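Residues per chain, in single letters:
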There are 2 protein chains.
Amino acid sequence: MAEQTHPTIVDGWFREINDTCFPGQAFTLKVDRILYHARSEFQDILVFKSTHYGNVLVLDGIVQCTERDEFAYQEMITHIPLYLHTDPKKVLVIGGGDGGVIRELLKHQQLAEITLVEIDETVIRLAREYLPGMARGLDDPRVQVKLCDGFEFLRKASSAEQSEKYDVIITDSSDPEGPAEAFFQERYFRLLKDALRDDNSVVIAQTSENVWLNIKYLEDLTATAKKVFPNTRYCNTMVPTYTSGQLGLIVCSPDASKDLTTPARTPTAQEDENLKYYNPEIHHASFVLPNWADQLLNN
Amino acid sequence: MAEQTHPTIVDGWFREINDTCFPGQAFTLKVDRILYHARSEFQDILVFKSTHYGNVLVLDGIVQCTERDEFAYQEMITHIPLYLHTDPKKVLVIGGGDGGVIRELLKHQQLAEITLVEIDETVIRLAREYLPGMARGLDDPRVQVKLCDGFEFLRKASSAEQSEKYDVIITDSSDPEGPAEAFFQERYFRLLKDALRDDNSVVIAQTSENVWLNIKYLEDLTATAKKVFPNTRYCNTMVPTYTSGQLGLIVCSPDASKDLTTPARTPTAQEDENLKYYNPEIHHASFVLPNWADQLLNN
C-alpha cells in the first residue's frame, strides 16, 4: 500500500542522500505523490510520481529509473553490445526486472531467444503497474523470465553445452550494496566468460559509478574484469537523474583484437526509426574520456 | 561578512531549487561553512566551502563553479574555440570574472593579448580570495581586465579597425535571468560577428541549458545564432555539479565550410601536459548528441 511519506522525502522532495555512494552531494526530485512503498524480501522499494520526470523507481534509496530519461540508460546498455556483435541470436539479461532492456532487445528482429533473470518478482510486478512503457516487452514470446538468483543461474549456464551459451550477456543490476553485491567480483566475470558462446560474444555491465563519483572503484572494477577479459573498456551514458548526470558501463570481449569503441554493424533503417538515443557516433563517443580519467582507466 | 545561513541552505545542504531553470529537480551539495554572502550591485553572491567539492561560487542561487570540477567547464569553453583557430593571437572573454577561462587561455603560449570584460568587480575580488586556483592568471601581463558591461564593450569593439578585432570571443556569462540577459539575443550575436577579425575567427558561448533541461530554449537560441552565423553548432561538456550533469555551449564561425567538430590544430606536447580534460577526441565527442536531440538541434 502507498504510504504518505518515506524517509528519503522531505518537504515534498525526494533526496538521494547516501554517504557511501554520493558523499556530500545529492540529486533531488520533486514528488507529486507516493505510488508504492514496501520492503520486499530483498530490498526497500519506493515508486513515486514526480512532478517533471514521470514515475520513478527507487531501490534502497537510489534512483533506478524515471519514465522521462530511462531510455538514455536502456538504449546504451543494450545497443552497444548488440551492435558490437556481428550476428547476435541469444541474449541473457541479469537483473533488469523493470523490462527496459528487454524492450530495447526486442527492437532487434534477428534475436531468437532472450532470457531475463530477476531475483525480485516485486520489481517485475511494480514495473507492469507503474512503468508500463518499460515492462511492455516482458510478455513477448521470444522472452523467458526466470525468477531466481542471477549468480546461480549463470553458474549453471557456464557449464552448459557450448551451443546453449550466449552471444550477449547484459548485467543490468542494482548497486553493489544489496542483493547485487556478487555481480562486481572476479568470480562473476569468470562465470560470464564461461557462459559466452564464442569470441564474437560481448558482455556489458553497469558499474553503479562514474569517473567523478568514484574513479578508484572503477579502476579496481576494470582491473578485476581485465583479469578475465583482456579486452575490457569503460564507457558512459548521460542520464540526468543519476547523480553527476552520468553512469559508467564496462564492456568486455574474449577477443583481444576487437575494437569495442566501433560498432560492428549499424542499425537498419527500421531499427534506427525506433532509437531515441543510440547511434553509431554516440557509441564511439561514449568511450571518450577526459584526460585525467583516460589516464587512470585506459593506461 | 559571512552569515550563518542563506535561503538556499536547509539542514546543512545547499539546494539549487529554481522553478524557472530546473523545475521539479535540483542538485544539492553539503555545506561545510558559508565563506561569504552579499548582494552586489548586480546579483546575489554566495561562496561556501562544501564537504566534498571544495569552495563553491553561487550567483543568484545557481552554482557557477566548484573547485573540484570547474576545469571540466573552463577547459572545454576555452580549448574548443582555441584549437578550432589555426593561429589565434587575440582573445576576448565576456564575463568569467572568476578567472578560470583566463587560466586556460594562458596555456596557449602563442596568444599575444587577452581581454576580460567583467561587469561585477565583486566576482573578481571573491575569486582572488576564495578561488585562487582559478583567479591566478588575472595578473598575467598578457591579460587586460576591463570592469564594464560586456554588451557595451562589444559595441565599441565591433566598430574598431579590423586589425584591432578578435580571433576568438568567449562568452562566459552567468544565466539569462539577471545581468547577462542581453547575451542571449540576436543583436548580441551581430555584435560578436562584427567584432571578429576574419573568417578564421571563432565564437563560443555558454547556453545555461542542456538538451534535457530545456531543448526548446536551445532550439530558439541556435536558431537566433544561425540568423547571424550560418555555421552554428551545439556541443556540451559534462560537469557533475551543474544540474543534469551537463552544460551546453554553442560554437559559431563566419566560415560556413569550417568543420566545427574537428580541431584545426592538436595540442603541443607541452600544452597537452597541462590539460586535465580537453583532448581532440573529446572535442569531437562533445558535438555528438542522442538521436532525439540531434534531430531537433541539427536538422
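Residues numbered from 1 in each chain as written. Chains lettered and ligands numbered in written order. Predicted model: local features only at pLDDT ≥ 70, side-chain atom pairs only at ≥ 80, totals over all residues. Heavy atoms only, no water.

A. Seen up close, the relation of the copies chain B and chain A. Laying chain B over chain A is done by rotating through 180° and shifting 0.0 Å along the axis; what remains is an RMSD of 0.0 Å. The relationship between the two copies is best expressed as a two-fold rotation axis. Nearest to the rotation axis, the C-alpha of glycine 245 of chain B is located 2.0 Å from it, this being the minimum over chain B. When the interface residues of chain B are mapped onto chain A, 100% of them again fall at the interface, so both copies present the same face. (Least-squares fit on C-alpha atoms with pLDDT ≥ 70 in both. Contact = heavy atoms within 4.5 Å.)

B. Molecular detail of the interface of chain B and chain A. Of the residues lining the interface, 38 residues belong to chain B; the matching set on chain A comes to 38 residues. Across the chain B/chain A interface, buried area totals approximately 3,300 Å², and carbon plus sulfur atoms make up 59% of it. Three residues stand out in chain B for area buried against chain A, namely Gly24, Trp212 and Asn291 of chain B, and they jointly supply 20% of the buried area on that side. Inspection of the region where chain B meets chain A yields zero salt bridges. Taken together, the connections running from chain B to chain A amount to 22 residue pairs in polar contact (both at pLDDT 80 or more). (Buried area = accessible area lost by both parts, 1.4 Å probe. Salt bridge = Lys/Arg side-chain N within 4 Å of Asp/Glu carboxyl O. Polar contact = N/O pair within 3.5 Å; in protein donor to acceptor, adjacent residues only side chain to side chain.)

C. Layout of the environment of histidine 52 of chain A. Residues and elements named next belong to chain A. Position of histidine 52 among the secondary structure elements: in the loop between strand S4 (44-50) and strand S5 (55-59). Each C-alpha atom of the pair histidine 52 and valine 93 lies 30 Å from the other, and the pair is 41 residues apart in sequence. A distance of 2.8 Å separates a polar atom in the side chain of histidine 52 from a polar atom in the side chain of threonine 51. (Helix = DSSP H or I, 4+ residues; strand = E, 2+ residues; numbered from the N terminus.)

D. Fine view of the UniProt feature "active site" (unreviewed entry) in chain A. Residue and element names in this part refer to chain A. The sites that carry the UniProt feature "active site" (unreviewed entry) are, in the present numbering, Asp172. Take aspartate 172: it is sitting in strand S10 (residues 168-172). For aspartate 172, a relative accessible area of 6% gives the class buried. For aspartate 172, the residues in contact, after removing those within four places along its chain, are Tyr73, Gln74, Ile77, Val93, Ile94, Gly95, Gly96, Asp98 and Val101. (UniProt positions renumbered as here; feature names shortened; annotations may be inferred. Buried < 20%, exposed > 50% of the residue type's maximum accessible area, 1.4 Å probe, protein only.)

E. The arrangement of the pairing of strand S11 (residues 202-206) of chain B in detail. All names here are of chain B. Counting buried positions over the five residues of S11 gives five, a clear majority of the element. Every second residue of S11 is oriented toward a common face, with Val202, Ile204 and Gln206 on one face and Val203 and Ala205 on the other, all of them buried. Where strand S10 (residues 168-172) lies against S11, four bridges are found, and the strand directions are parallel. By the bridge assignment, valine 168 is partnered in S11 with valine 202. Strand direction decides the pairing type here: S11 and strand S13 (residues 246-253), joined by four bridges, are antiparallel. By the bridge assignment for S13, valine 203 is matched with cysteine 252. (Pairing = 2+ DSSP bridges.)

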